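Given next are the chains, with one letter for each unit.
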Amino acid sequence: MDLILWRHAEAEEGGDDLLRPLSSKGRKQAEKMAAWLGKRFADGAITVIASEALRSQETAKALSKQFKIDARLNPGSKASAYLEVSNWPRETGKVLVLVGHQPEIGRVAAVILAYKELDWELRRGACWCLQRRVKEGQITYLLRAVMSPDLL
């Protein structure tokens, strides 16, 4: 299973937190990252799930017009909620993109890679690409990429 943890792109400031849209810079960030991700995964081979926050949904929409919304990815959620949504590490054979928030995205990556919740930072619009593999009967977790839109 490939798990992509994608932090929403830059959003407008102020107002109701769940209703803040992407800024013009944020739309460009989301489009760049979506193009990069789209080159790596076959169309239709991915499942995208976003939080209820408008900025997360607009980020997700840059990659796929058909995505799911799950409140367990909302700001303030626990890393365990992200893992529950993804069914990690039990799910196999698919690519799952979770579009969410900091500090949760960084904490989820830390739980998977370091086996404990740490405050790892990820820039707006960037993503962690993780993979669960079974090799010679052993389960391993691989960090395939960390990509930020300002590097594209």
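Our subject is the structure listed above.
Residues numbered from 1 in each chain as written. Predicted model: local features only at pLDDT ≥ 70, side-chain atom pairs only at ≥ 80, totals over all residues. Heavy atoms only, no water.

**Student:** Mind laying out the side chain of threonine 59, listing which residues take part and the relevant values?
**Tutor:** With respect to the element layout, threonine 59 can be found in helix H2 (residues 54–63). A distance of 3.1 Å separates the side chain of threonine 59 from the backbone nitrogen of alanine 9, its partner in a polar contact. Within the structure, the side chain of threonine 59 is placed 2.8 Å from the backbone oxygen of arginine 55, a separation counted as a polar contact. Not counting the four nearest positions on each side in its chain, threonine 59 is found in contact with Trp6, Arg7, His8, Ala9, Leu22, Ala30 and Val99. (Helix = DSSP H or I, 4+ residues; strand = E, 2+ residues; numbered from the N terminus. Polar contact = N/O pair within 3.5 Å; in protein donor to acceptor, adjacent residues only side chain to side chain. Contact = heavy atoms within 4.5 Å.)

**Student:** Give me the pattern of salt bridges: which residues, what numbers.
**Tutor:** Per the counting criterion, the structure on display carries nine salt bridges. Residue glutamate 10 is joined to lysine 25 by a salt bridge in which the shortest nitrogen-to-oxygen separation is 3.9 Å. On the criterion of sequence distance, the pair formed by glutamate 10 in the loop between strand S1 (2–7) and helix H1 (24–40) and lysine 25 in helix H1 is long-range, its members being 15 residues apart. Accessibility expressed as a relative area gives 48% for lysine 25, which makes it partly exposed. Between aspartate 70 and arginine 72 there is a salt bridge whose closest N-O contact spans 2.6 Å. (Salt bridge = Lys/Arg side-chain N within 4 Å of Asp/Glu carboxyl O. Buried < 20%, exposed > 50% of the residue type's maximum accessible area, 1.4 Å probe, protein only.)

**Student:** If you had to explain unusual backbone geometry to someone new, which residues and values would you point to?
**Tutor:** The step from glutamine 102 to proline 103 runs through a cis peptide bond, and the omega angle for that step is 5 degrees. If you trace the backbone, proline 103 turns up in the loop between strand S4 (95–100) and helix H4 (104–114). With phi around 65 degrees, tyrosine 115 is a residue other than glycine that occupies positive phi space. Considering the arrangement of structural elements, one finds tyrosine 115 in the loop between H4 and strand S5 (127–135). Of note, glutamate 136 is a non-glycine position whose phi angle comes to about 55 degrees, a positive value. The residue glutamate 136 is located in the loop between S5 and strand S6 (138–147) in this model. Under the relative-accessibility criterion, glutamate 136 is labelled exposed at 78%.

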